[in-house]
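Residue strings, one per chain:
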Amino acid sequence: MADIITLKQLCTELKLDPREARERLRSAARDPKKHPELAKLHKPRAPWSWVKGSTGEKEARALFTRK
């Protein structure tokens, strides 16, 4: 079974505010040209989670590391 990483785990690891992280993810998911994986993987009203090491997780980490 694949390891799953949740937004809560990612926020704890990167020392982010979960509310701000969700806002950034939502705005990124609305722009499929810039963030195709985040737009493709997100389902409304579902928790944010990714398979560990996937393209979606890497895109989310990149979104949080740049200011």
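Read on for a plain summary of the structure. (Residues numbered from 1 in each chain as written. Predicted model: local features only at pLDDT ≥ 70, side-chain atom pairs only at ≥ 80, totals over all residues. Heavy atoms only, no water.)

Re helix H4 (residues 55–65)
Okay, step 1: Taken residue by residue, H4 has Gly 56, Glu 57, Glu 59, Ala 60, Leu 63 and Phe 64 as its buried positions. Across the axial projection of H4, the buried residues extend over an arc of 160 degrees, all falling on one side. Structural note: H4 exposes Lys 58 and Thr 65 on the side pointing more than 90 degrees away from its buried face.
Okay, step 2: Check the buried side of H4 and you find it contacts strand S1 (4–6), helix H1 (7–14), helix H2 (18–29), helix H3 (36–41) and strand S2 (49–51). (Buried < 20%, exposed > 50% of the residue type's maximum accessible area, 1.4 Å probe, protein only. Helix = DSSP H or I, 4+ residues; strand = E, 2+ residues; numbered from the N terminus. Arc of directions from axis to C-beta. Contact = heavy atoms within 4.5 Å.)

What to know about the environment of Pro 47
Okay, step 1: Summarising the element assignment, Pro 47 is placed in the loop between H3 and S2.
Okay, step 2: Considering only alpha carbons, one finds Pro 47 and Lys 58, 11 residues apart in sequence, at a separation of 17 Å.

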